[in-house]
Amino acid sequence: MTEKARGTARRWCRFFFGIYLIALVYFLLFSEEWGRSALTGTYRYNLVPFREIGRYLKYREQIGMGRVLLNLAGNVVGFIPFGGLVPVLSNRKMSFFRVLLLSFEVSLFVELAQLVLQVGSCDVDDILLNIFGSCLGYCLYRLAACCLRRRDSREEERGAW
């Protein structure tokens, strides 16, 4: 990939990352459709790992698979772009551990904001699912980077002949 193409790709990634962050903040803190309005009753939170995940799986028949998938898969899918775009936008090479730590910090910030603002629900399981999603995103990033390097090396080999 040429330097010009790389620069264009980074600009597009910055643009999509900005849109992604705006959407993430909206859905996690402000969207009333997703239960983010201020609660009038008792605020619920969970600090016990895997409690809510287990509850969703145990009562999936009663609450419906759609709601289970929305909660569990939504938290994973919602952070895949984070794990995939952060290494692209970084000025230095980002390791898996660094992306994992950064996704933990962002997820913790979001959950604490939900706790303080009493919107949605503060849930340690959401942090775990978000981190898992970021890790998947990072793996997809590494896979794409490997494929691009392989393609570039093949093009260089053909150009040398």
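The structure we're discussing is the one just above.
Note that the structure is a prediction, hence the values are computed from the model and not measured.

J.: I would appreciate a short explanation of the packing of helix α2 (residues 51–58) against helix α4 (residues 65–77) in the present structure.
T.: Between two packed helices, both the angle of their axes relative to each other and the distance between the axes serve to describe the pair. Taken N-terminus to C-terminus, the directions of α2 and α4 make an angle of 160°; their axes are 10 Å apart at the nearest point. In terms of orientation, α2 lies roughly antiparallel with respect to α4. For the pair α2 and α4, the crossing hand works out as left-handed. For the pair α2 and α4, the contacting residues are Ile53, Tyr56 and Leu57 in the first and Arg67, Val68, Asn71 and Leu72 in the second.

J.: Would you take a moment to explain the pattern of salt bridges for this structure?
T.: Between side chains of opposite charge, a pair can form when the charged atoms approach closely. Counting across every chain of the model gives 5 salt bridges. Among the salt bridges present, the one from Arg55 reaches Glu52, with a minimum N-O distance of 2.6 Å. Of this pair, Arg55 and Glu52 both sit in helix α2, 3 residues apart, roughly one helical turn. Overall, the relative accessible area of 35% leaves Arg55 in the partly exposed class. Residue Glu52 is classed as buried on the basis of its relative accessible area, which comes to 10%. In this structure, the salt-bridge partner of Arg151 is Glu155, at a minimum N-O distance of 3.8 Å. Of the two residues, Arg151 and Glu155 are both situated in helix α7 (residues 124–160); the distance of 4 residues between them amounts to about one turn of the helix. Through salt bridges that share partners, Arg44, Glu52 and Arg55 make up one connected network.

J.: What should I look at first to understand the packing of helix α1 (residues 3–30) against helix α5 (residues 80–89) in this one?
T.: It is at 10 Å that the axes of α1 and α5 come closest, and there the two elements cross at 140°. In terms of orientation, α1 and α5 fall into the oblique class. Crossing hand, α1 versus α5: left-handed. Facing α1, whose interface residues are Arg10, Cys13, Arg14, Phe16, Phe17 and Tyr20, α5 presents Pro81, Phe82, Leu85, Val86, Val88 and Leu89.

J.: How should the nonpolar core be read in this particular structure?
T.: A general tendency of soluble globular proteins is for nonpolar side chains to be buried together. By size, the foremost hydrophobic cluster in this structure holds 14 residues, and its most contacted members are Phe17, Tyr20, Leu24, Leu28, Phe79, Phe82 and Val86. For this core, the elements supplying multiple residues, two or more each, are α1, α5 and α6 (96–117). In terms of residue count, the dominant contributor to this core is α1 (5 residues). Grouped together as the second largest cluster of nonpolar side chains are 6 residues, Val68, Leu72, Val76 and Leu129 included.

J.: Just checking my understanding: could you explain a nonpolar patch on the surface for this structure?
T.: Side chains of Tyr45, Leu47, Phe97, Leu101, Phe104, Leu108, Leu112, Leu115, Val116 and Leu117 sit close together on the surface and give an oily, nonpolar patch of about 970 Å² of accessible area. Tracing the sequence through the fold places Val116 in helix α6. Looking at Val116, the relative accessible area reads 68%, which means it is exposed.

J.: In this structure, what is going on with α5? I would like to understand it.
T.: Since the α-helix advances by 3.6 residues per turn, residues separated by three or four positions end up pointing in the same direction. Counting buried positions along α5 yields 7 of 10 residues, so the element is predominantly enclosed. For α5, the full list of buried residues reads Phe82, Gly83, Gly84, Leu85, Val86, Pro87 and Leu89.

Cut-offs and rules
Residue numbers restart at each chain and count upward from 1, following the sequence in its written direction. Totals for whole chains, interfaces and linings use all residues, but because this is a predicted model, local features are given only for residues with pLDDT of at least 70 and pairs of side-chain atoms are given and counted only at 80 or more. Calculation of side-chain values draws on the structure's entire complement of heavy atoms; hydrogens and water are dropped beforehand. In this analysis, axes come from line fits to C-alpha atoms, helices being fitted only over the stretch in contact, and the angle between any two N-to-C directions falls in the range 0 to 180 degrees. Numbering goes from the N terminus for both helices and strands, where a helix is a DSSP run of H or I of at least four residues and a strand is a run of E of at least two. Any angle that is under 35 degrees is reported as roughly parallel, and any over 145 degrees as roughly antiparallel; angles of 65 to 115 degrees are reported as roughly perpendicular and all others as oblique. Two helices that cross are described as forming a left-handed crossing if the nearer one is turned anticlockwise from the farther one by less than a right angle, and a right-handed crossing if clockwise. The criterion used for residue contact is that any of the two residues' heavy atoms lie within 4.5 Å. One speaks of a salt bridge when a side-chain nitrogen belonging to Lys or Arg is within 4 Å of a carboxyl oxygen belonging to Asp or Glu. Only protein chains enter the calculation, and the probe is 1.4 Å; a residue is then buried if its accessible area is under 20% of its type maximum, exposed if over 50%, and partly exposed in between. Only buried residues count toward a nonpolar core. Its members are Ala, Val, Leu, Ile, Met, Phe, Trp, Tyr and Cys residues joined through side-chain atoms within 4.5 Å. Think of a patch as exposed residues, more than 30% relative accessible area, with no salt bridge, where like charges cluster within 9 Å and nonpolar side chains (Val, Leu, Ile, Met, Phe, Trp, Tyr) cluster within 5 Å. What sets the accessible areas is the Shrake-Rupley method with a 1.4 Å probe; for residues, cover comes only from the shown protein chains.

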